[in-house]
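# Structural overview for review
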Amino acid sequence: MNYTDRDVYGMYKDKSGADAGPGPALMGANTLVYNNVYNQQDEDLGQIKEIMLDVASGRIAYAVLSFGGLLGMGTKFFAVPWSALELDPVNKRFVLNVNKDRLDKAPGFDKDNWPNMADATWEQSIHAYYGTEPGSFLNRN
């Protein structure tokens, strides 16, 4: 599924003129969930299942990606730093620069056992794994 399929308000419809809607630089949050994620080798890495917002800063911190399993069995979830994802507006999907083997070995969790994503140690380890910079969690008082 892609973000145009989830566009219930028509904000991504092809319109003429310079001000033809918000996408892709500004997108509706509900249209991001269930988007497909691929890598640069065009391998399917799964789907975005949830968007995690840093409420204090108002920014997206992580996309929770589902990967693996068959018919929902054995599916693993991964918190991927939002900065590690790139929108591919041509194919209407997201790209994560990681191969399948590396994603399979990434720190993950199951749907019934979510990590404390506000924990500074956890945050640093996730960002180190994906080669991104930590967000605002570490700087809160």
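Just above, that's the structure.
A short tour of the structure in this document, coming up.

This next bit is on the pattern of salt bridges. Counted by the stated rule, this structure contains 2 salt bridges. Put simply, Asp42 and Arg93 hold a salt bridge, and the shortest N to O gap is 2.5 Å. Note that Asp42 is positioned in the loop between β1 (36-38) and β2 (44-54) and Arg93 in strand β6 (residues 93-96), a separation of 51 residues in sequence. By relative accessible area, which is 47% here, Asp42 ends up partly exposed. Of the residues examined, Arg93 reaches a relative accessible area of 14% and is grouped as buried. Between Asp88 and Arg93 there is a salt bridge; the shortest N-O distance is 3.8 Å. Take Asp88: its relative accessible area is 15%, and that puts it in the buried class. Sharing partners across several salt bridges, the network here consists of Asp42, Asp88 and Arg93.

A few words now on the sheet that holds strand β4 (residues 76-81). For sheets, the rule is that strands pair by backbone hydrogen bonds, running either parallel or antiparallel. What the 6 strands build is an open sheet, ordered β4-β3-β2-β1-β6-β5; its pairing is mixed. Of all strands in the sheet, those with a lone pairing partner are β4 and β5 (85-88), marking the two edges. Shown here is a sheet whose adjacent strand axes are inclined to one another by a mean of 40 degrees, direction ignored. Bridging between β1 and β6 involves 2 bridges; their strand directions are parallel. Residue pairing across strands places Val37 opposite Phe94, the latter belonging to β6.

Attention now moves to the packing of aromatic side chains. Applying the stated criterion across every chain yields a total of 7 aromatic pairs. Between Phe109 and Trp114, the aromatic rings sit 4.9 Å apart at their centres with planes inclined by 55 degrees, giving tilted as the arrangement. On the basis of an interplanar angle of 75 degrees and a centroid distance of 5.3 Å, the ring pair of Tyr129 and Tyr130 is categorised as edge-to-face. Of the two residues, Tyr129 and Tyr130, neither departs from the other in class, the shared state being buried. Members of the aromatic cluster, each reached through a chain of ring pairs, are Phe77, Phe109 and Trp114. It is Arg93 that lies over the ring of Tyr38; its NZ or CZ is 4.0 Å from the centre. The ring of Tyr129 has Arg102 sitting right over it, with the charged end atom 3.8 Å from the ring centre.

For the rest of this paragraph, the subject is helix α2 (residues 120-130). Residues Trp122, Glu123, Ile126, His127, Tyr129 and Tyr130 constitute the buried set of α2. Relative to the axis of α2, the buried residues are bounded by an arc of 160 degrees and lie together on one face. Residues of α2 that are exposed and point over 90 degrees away from its buried face: Thr121 and Ala128. Tucked into the core, α2 has its buried residues touching β3 (59-67), β4, β6 and α1 (100-104). Two or three places before Thr121, at the opening of α2, Asp119 has a side-chain oxygen 3.3 Å from that residue's backbone nitrogen. Gly131, located one to two residues past α2, shows a positive phi value of around 70 degrees.

Parameters at a glance
- Each chain has its residues counted from 1, following the order in which its sequence is written.
- Only residues with pLDDT of at least 70 are given local features in this predicted model, and only at 80 or more are side-chain atom pairs given and counted; all residues enter the totals for whole chains, interfaces and linings.
- Hydrogens are left out, water is left out, and the side-chain values use all remaining heavy atoms of the structure.
- We define a salt bridge as a side-chain nitrogen of Lys or Arg found within 4 Å of a carboxyl oxygen belonging to Asp or Glu.
- Each helix is a run of H or I in the DSSP string that is no shorter than four residues. Each strand is a run of E no shorter than two, and both are numbered from the N terminus.
- Exposure categories follow from relative accessible area, calculated using a 1.4 Å probe and restricted to protein chains: below 20% of the type maximum is buried, above 50% is exposed, and the middle band is partly exposed.
- For two strands to count as paired, DSSP must find a minimum of two bridges between them.
- Only C-alpha atoms enter the line fits that serve as axes; for helices the fit covers just the stretch in contact. Angles between N-to-C directions range over 0 to 180 degrees.
- The rule is short: rings of Phe, Tyr and Trp, with Trp giving its six-membered ring, pair when the centres are within 6.5 Å, and they are stacked under 30 degrees, edge-to-face over 60, tilted in between.
- Comment: the charge-over-ring label is applied if NZ (Lys) or CZ (Arg) is within 6 Å of the ring centre and within 35 degrees of the ring normal.
- Each C-beta atom gives one direction from the helix axis, and the arc is the one those directions make.
- Any pair of residues with heavy atoms lying within 4.5 Å of one another is described as a contacting pair.
- Any pair of nitrogen or oxygen atoms within 3.5 Å is treated as a polar contact; in protein, a donor-acceptor pairing is required on top of that, and neighbouring residues in sequence qualify only through side-chain atoms on both sides.

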